[in-house]
Amino acid sequence: MASNVKNKAKQRRENAEKRPHAHARYIRISPRKVKIVIDLIRGKSVRQAEAILQYTPKAATEPVLKLLNSAVANAEANLDMSADQLFVAEVYANQGPTLKRFRPRARGSAAHIRKRTSHISIVLDQVQ
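Residues numbered from 1 in each chain as written. Predicted model: local features only at pLDDT ≥ 70, side-chain atom pairs only at ≥ 80, totals over all residues. Heavy atoms only, no water.

Undergrad: Before we go on, may I ask you to explain the sheet that holds strand β2 (residues 86–95) in this structure?
TA: To summarise the sheet geometry, strands pair through backbone hydrogen bonds and adopt either a parallel or an antiparallel arrangement. Reading across from one edge, β1-β5-β2 is the order of the three strands in this open sheet, with antiparallel pairing throughout. The sheet is open, and its two borders are formed by β1 (21–27) and β2, each paired with just one other strand. With strand direction ignored, the average angle separating the axes of adjacent strands in the sheet is 15°. With nine bridges joining them, β2 and strand β5 (residues 118–126) adopt antiparallel strand pairing. The residue bridging Leu86 from the neighbouring strand is Gln126, located in β5. Relative to β2, helix α2 (residues 31–41) is tilted by about 170°, and along the sheet it contacts β2 and β5. (Pairing = 2+ DSSP bridges. Helix = DSSP H or I, 4+ residues; strand = E, 2+ residues; numbered from the N terminus. Axes fitted to C-alpha atoms, helices over the stretch in contact; angles between N-to-C directions. Contact = heavy atoms within 4.5 Å.)

Given below as structure tokens:
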């Protein structure tokens, strides 16, 4: 049983190297807000995803578009892939560290403020 898990993990690591990807860490937007934007581009071609991101009025579109362009540049420079043949295979946003702050409130008390961060990842793949 354990050897099969190790083999699968090894295959996953080997295949992960073949697909172009990019990661953005510690983005100062809540992952809940980022997930709304990344759900729009999952499974779309790169050109279609860029068009969607340019005309979506959300704050999270700017870092996601920048990350998408970075992944495309990685594909062209490192793996000699054409941007026209690529699509967004995987995209996900995980929670990063939370900055904890306090705001003064009435009668000497304080309210917690949680400034959330997110880690965004994009994996591209070629159309077969």
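Undergrad: Would you mind going over the pattern of salt bridges with me for this structure?
TA: Pairing between side chains of opposite charge can happen when the charged atoms of each approach one another. As enumerated under the stated definition, the model contains five salt bridges in all. Between Arg42 and Asp39 there is a salt bridge whose closest N-O contact spans 2.7 Å. Owing to a relative accessible area of 37%, Arg42 belongs among the partly exposed residues under this scheme. We classify Asp39 as partly exposed; its relative accessible area is 48%. We note a salt bridge from Arg47 to Asp84, for which the minimum N-O separation is 3.8 Å. Of this pair, Arg47 sits in helix α3 (residues 46–54) while Asp84 sits in the loop between α4 (61–78) and β2, and the two are 37 residues apart along the sequence. Where salt bridges share partners, they join Arg19, Glu90 and Asp125 into one cluster. (Salt bridge = Lys/Arg side-chain N within 4 Å of Asp/Glu carboxyl O. Buried < 20%, exposed > 50% of the residue type's maximum accessible area, 1.4 Å probe, protein only.)

Undergrad: When you look at the packing of α3 against α4 in this model, what are you seeing that I'm missing?
TA: The relative placement of two packed helices comes down to the angle between their axes together with the axis-to-axis distance. With their axes 10 Å apart at the nearest point, α3 and α4 run at an angle of 160° to one another. Relative to α4, the element α3 lies roughly antiparallel. In this structure, α3 meets α4 at a crossing whose hand is left-handed. Counted together, Val46, Ala49, Glu50, Leu53 and Gln54 of α3 and Thr61, Val64, Leu65, Leu68, Asn69 and Val72 of α4 form the full contact between these two elements. Considering only residue class, the contact of α3 with α4 consists of seven nonpolar, three polar and one charged. (Parallel < 35°, antiparallel > 145°, perpendicular 65-115°, else oblique. Left-handed = near helix turned anticlockwise from the far one by under 90°. Nonpolar A, V, L, I, M, F, W, Y, C, P; charged D, E, K, R; others polar.)

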